[in-house]
Amino acid sequence: MRLIEVRDLRKHYSSGLISKQCSRAVDSVSFHIDQGETLGLVGESGCGKTTVGRLLLRLIEPTSGSIIFDSRDITRLNRKEMRKLRPRMQMIFQDPESSLNPRMRIGESIAEPFRLKLHGKMTKIEIRDRVLELVDVVGLNPEHINRFPHQLSGGQNQRVVLARILAINPEFIVADEPTASLDVSVQAQILRLMMDLKRKFCLTMLFISHDMEVVRHMSDRIAVMKEGRITDVVQQTRYSRASDATGERICDRIKGIDPEPLRATI
Ligand SMILES: Nc1ncnc2c1ncn2[C@@H]1O[C@H](COP(=O)(O)OP(=O)(O)OP(=O)(O)O)[C@@H](O)[C@H]1O
């Protein structure tokens with residue numbers, strides 16, 4: 001089943017006071033993502049990947065085109081309707097610390113969606129148990145819940161971001177270069193965790209990266225972007241998809257990671 005469909009999406013920016021110049025950040029882009037599928041979006045810096053991701057969640061408004069999410073054109077929804085829909089679609093950014101409130105302890109950050117009663121009222125004990133469960137699911141220790149983001153590493157903070165997203169319980173995630181800011185030694189661990197969570201929670205994902213090898217490892221299909229347009233969509237077969245060799249290459253590149261578990265997730 002199709003969860004998201006983008007039709008003829010454009011985002012143009014104009015600049016210059018006297019002679020107006022138009023930059024076509026996204027130009028006539030169309031694609032779809034099926035439920036449970038990961039579509040990789042790859043292309044060189046400045047080709048429009050992040051703009052597509054932000055448009056899909058309506059963090060920015062399109063110049064034209066439609067974005068059908070679960071059979072509804074979200075470009076036509078008003079603020080109230082969009083606010084209601086928002087928990088179903090979430091974004092993971094490059095820098096995990098920027099997505100976390102620096103003054104909130106990790107436990108509070110993960111608990112926030114429960115406190116906001118996104119999924120009904122819960123008691124304090126139920127919230128604490130769910131937080132501890134999620135901390136475990138993303139591979140953190142219970143002691144981390146009392147720390148602040150600046151007291152954790154980048155990789156640990158990205159795990160917190162993932163736990164918080166799972167607390168919101170979305171169906172669709174835009175992951176925009178989620179490991180780009182991380183130390184090479186933790187990149188493979190986070191990618192592996194994302195693959196596991198994606199399977200476990202049946203998530204649908206747009207995975208954005210400029211790194212073709214990482215995108216090949218993570219995606220079912222790959223859309224290639226150039227100068228605001230999608231130039232190619234490649235279906236990954238069981239064989240072309242991140243093969244054992246690719247898994248090993250990623251591990252080779254990201255030193256200190258045992259290739260076996262990574263291969264097991266392919
Ligand atoms: N608010 C804005 N105003 C004007 N131009 C913008 C704005 N945001 C993005 N752009 C331009 O749109 C184009 C696409 O930017 P975008 O950030 O989507 O690219 P990207 O492929 O994600 O790049 P990177 O991989 O470096 O993050 C760029 O040329 C950028 O300068």
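Residues numbered from 1 in each chain as written. Predicted model: local features only at pLDDT ≥ 70, side-chain atom pairs only at ≥ 80, totals over all residues.

Some words on the overall build of the chain
No. 1: Of the regular secondary structure elements, the chain holds 10 helices and 10 strands.
No. 2: Going through the 266 residues of the chain one by one, you find that 38% of them count as buried.
No. 3: A sequence separation of at least 24 residues applies to 69% of the contacts in the chain between residues at least 6 apart. (Helix = DSSP H or I, 4+ residues; strand = E, 2+ residues; numbered from the N terminus. Buried ≥ 20, exposed ≤ 12 C-beta atoms within 10 Å, placed from the backbone. Contact = placed C-beta atoms within 7 Å.)

Observations concerning the environment of Ser45
No. 1: Note on placement: Ser45 falls in the loop between strand S3 (38-42) and helix H1 (49-56).
No. 2: Overall, Ser45 belongs to the exposed group, with 7 C-beta atoms counted inside 10 Å.
No. 3: Separated by 165 residues in the primary sequence, Ser45 and His210 place their C-alpha atoms 7.0 Å from one another.

Focus: the nonpolar core
No. 1: One finds Leu41, Ile110, Ala163 and Leu206 to be the most contacted residues of the largest nonpolar core, which totals 61 residues.
No. 2: With 7 residues, the single largest contributor to this core is helix H6 (residues 154-168).
No. 3: Look past the residues within four positions of Ile110 in its chain and what remains in contact with it is Val131, Leu134, Val135, Val160, Ala163, Arg164 and Ala167. (Core = buried A, V, L, I, M, F, W, Y, C linked by C-beta atoms within 7 Å.)

So, the pairing of strand S4 (residues 64-69)
No. 1: Where strand S1 (residues 2-15) meets S4, 5 bridges bridge the pair, whose relative direction is antiparallel. Across the sheet, residue Arg10 finds its bridge partner in S4, namely Ser64.
No. 2: Joining the antiparallel neighbours S4 and strand S5 (residues 72-73) is a turn of 2 residues, in which Asp70 adopts a positive phi near 50°. (Pairing = 2+ DSSP bridges.)

Let's talk about the site of the ligand
No. 1: Within the structure, the ligand sits among Tyr13, Ser23, Ala25, Gly43, Ser45, Gly46, Cys47, Gly48, Lys49, Thr50, Thr51 and His210.
No. 2: Counting residues per element, the ones that place at least two in the shell around the ligand are strand S2 (21-34) and H1.
No. 3: The element best represented in the shell around the ligand is H1, accounting for 3 residues.
No. 4: Split by residue class, the shell around the ligand holds 3 nonpolar, 8 polar and 1 charged. (Near = placed C-beta within 6 Å. Nonpolar A, V, L, I, M, F, W, Y, C, P; charged D, E, K, R; others polar.)

Quick look at unusual backbone geometry
No. 1: One non-glycine residue, Ser71, lies in positive phi territory at about 70°.
No. 2: The residue Ser71 is located in the loop between S4 and S5 in this model.
No. 3: With 9 C-beta atoms counted inside 10 Å, the residue Ser71 sits in the exposed group.
No. 4: Positive phi is not limited to glycine here, since Asn169 has a value of about 65°.
No. 5: Position of Asn169 among the secondary structure elements: in the loop between H6 and strand S7 (172-176).

Quick word on the sheet that holds S7
No. 1: Ordered by their spatial adjacency, 6 strands build an open sheet running S6-S7-S8-S3-S9-S10, and the pairing between neighbours is mixed. Sheet topology places strand S6 (89-92) and strand S10 (229-235) at the edges, where each strand pairs with a single neighbour. Averaged over all adjacent pairs, the angle separating strand axes in this sheet is 20°, with direction ignored.
No. 2: Sheet topology places S6 next to S7; 4 bridges connect them, and they run parallel. Paired with Met89 across the two strands is Phe172, which belongs to S7. (Axes fitted to C-alpha atoms, helices over the stretch in contact; angles between N-to-C directions.)

A short note on helix H4 (residues 106-115)
No. 1: Considered for burial, the residues of H4 that qualify are Ile106, Gly107, Ser109, Ile110, Ala111 and Phe114.
No. 2: Lining the buried residues of H4 we find helix H5 (124-137) and H6.
No. 3: Lys117 sits one or two residues past H4 and shows a positive phi near 60°.

Focus: helix H7 (residues 184-200)
No. 1: Here H7 is 17 residues long and its end C-alpha atoms lie 25 Å apart, about the 24 Å a rise of 1.5 Å per residue gives.
No. 2: All of the buried residues along H7 are Val186, Gln187, Ala188, Gln189, Ile190, Leu191, Met194 and Lys198.
No. 3: With its phi angle positive at about 50°, Cys202 sits one or two positions after the end of H7. (Expected span 1.5 Å × (residues − 1).)

What to know about the sheet that holds S2
No. 1: Spatial ordering of the open sheet is given by S2-S1-S4-S5, a layout of 4 strands whose pairing is antiparallel. With one partner strand each, in any of the chains shown, S2 and S5 form the two edges of the open sheet.
No. 2: Inspection of the sheet shows S1 paired to S2 by 10 bridges, in the antiparallel sense. Its bridge partner lying in S2, Ile4 is registered against Ile33.
No. 3: Packing against the sheet, H1 makes contact with S1, S2 and S4, and its axis sits at approximately 60° to S2.

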